[in-house]
Amino acid sequence: VGTTIYPGMQFTAVFLKNYVFGESMTLNDICCYIPAWFGVMATILVGCIAYETSLSVNSGGTLIGVAVDALKGKYTKSNNMTSKSVTKRFFGFESPAVECAVFAMGFMGVVPAHLMRSVGGGYDNESVAVTAMSLTFYLWLRSLRNGEKYNYLFGILAGLAYFYMAAAWGGYIFVLNMIGAHAAFLVLMGRFSTNVYLSYTLFYAVGTVLAIQIPVVGWSPLKSLEQLPACAVFVGYQLLYYCEGMRKKNKWGRKEAWKFRIQVFGAAAVLGTMFIMAVTPKGYFGPISSRV
């Protein structure tokens, strides 16, 4: 059984029994209350996501402005992504971000799918997985906050949250692909930076190394066709960061920088194609599952 199920929910219940409640609650009661407890936490985390994305340091730029910068071949400066509007404080929280968080929690609290998985006694994988998913998304967004020097360290915490998600539910594939797609989109929109690079690198490295320790997951993050796009983004980030380092070191202009990028990514594409052709006949890649 241990190699065919996602053990996160069971480990959570036993941890709460042994290290939080002890003899004050039975394991059966804890299992019954877990959906309600984690449903509350998931709702709060959705509010945290709304709050993070609505902060003035993260909501100053416009999609058109970022797209124009990308077409010009330059990165959008962090200062341009900070809102110039006057903000107020409400019990220490920034307004109007805190209002967005409250409304987001209100909407999450009445979503039928969320209510189904947060009813007392509904002990199911999704009961803890929704919380793990929300926590992973929040920590990923937190690692990208503008104006902070070491916020990329939240990428490590996002990787740990992703590990918990992978241990709890097969829907971890959705989380991995969503963050990978967001990281790729940031590059296309000219938002690539050292902070973004470190955030995604730490998230993917920590999360993948831990996820493959789960028996039911195994090596699928590096073999499954539906999880390889995130791996491709990870490799692309390493190549792009190398190209950016060479550009700054040699003080290349736009033309020289693009020429070098084409050479590096072209060589990587050739090596990647050769690797795929070599391992595919041996059955290395797994099939696409219903989680897509």
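Note that the structure is predicted; figures quoted are calculated from it, not measured. (Residues numbered from 1 in each chain as written. Predicted model: local features only at pLDDT ≥ 70, side-chain atom pairs only at ≥ 80, totals over all residues. Heavy atoms only, no water.)

A. The confidence of the model for the chain, seen in detail. The share of residues in the chain with pLDDT of 70 or more is 86%, and the mean pLDDT across the chain is 87. Of all the helices and strands in the chain, helix H3 (residues 63–71) carries the lowest mean pLDDT, 63, while helix H7 (residues 154–168) carries the highest, 96. (pLDDT = per-residue confidence, 0-100. Helix = DSSP H or I, 4+ residues; strand = E, 2+ residues; numbered from the N terminus.)

B. H7, seen in detail. The end-to-end C-alpha distance of H7 is 21 Å, a good match for the 21 Å that 15 residues give at a rise of 1.5 Å each. Taken together, the buried positions of H7 are Gly 155, Ala 158, Gly 159, Ala 161, Tyr 162, Met 165, Ala 166, Ala 167 and Ala 168. Among the structural elements, helix H1 (8–21), helix H6 (125–142), helix H8 (172–188) and helix H9 (194–211) are those in contact with the buried residues of H7. (Expected span 1.5 Å × (residues − 1). Buried < 20%, exposed > 50% of the residue type's maximum accessible area, 1.4 Å probe, protein only. Contact = heavy atoms within 4.5 Å.)

C. Examining the packing of aromatic side chains more closely. One pass over the structure, following the stated rule, counts 19 aromatic pairs. Geometrically, the ring pair formed by Phe 21 and Trp 37 is stacked, given 5.2 Å between the ring centres and 20° between the ring planes. Taken together, the residues Phe 21 in helix H1 and Trp 37 in helix H2 (residues 27–54) connect sequence positions 16 residues apart. Judged by its relative accessible area of 25%, Phe 21 falls in the partly exposed class. Here the aromatic rings of Trp 140 and Tyr 200 are separated by 6.0 Å at their centres, their planes lie at 80°, and the arrangement is edge-to-face. Highlighted residues: Trp 140 in helix H6 and Tyr 200 in helix H9, separated in sequence by 60 residues. In this structure, Arg 261 packs its charged tip against the face of Trp 258, placed 4.9 Å from the ring centre. (Phe/Tyr/Trp six-rings, centres within 6.5 Å; stacked < 30°, edge-to-face > 60°. Lys NZ or Arg CZ within 6 Å of the ring centre and 35° of its normal.)

D. The arrangement of H9 in detail. Relative to the 26 Å expected for 18 residues at 1.5 Å per residue, H9 spans 25 Å between its end C-alpha atoms, a close match to the ideal helical length. Considered for burial, the residues of H9 that qualify are Asn 195, Val 196, Tyr 197, Ser 199, Tyr 200, Thr 201, Phe 203, Tyr 204, Gly 207, Thr 208 and Ala 211. Where H9 is buried, its residues touch H6, H7, H8 and helix H10 (228–250).

E. How the structure looks around the side chain of Thr 208. Looking at where Thr 208 falls in the secondary structure, it is placed in helix H9. Residue classification places Thr 208 among the buried residues on the basis of a relative accessible area of 8%. With sequence-adjacent residues up to four places away left out, Thr 208 is seen in contact with Tyr 162, Pro 221 and Leu 222.

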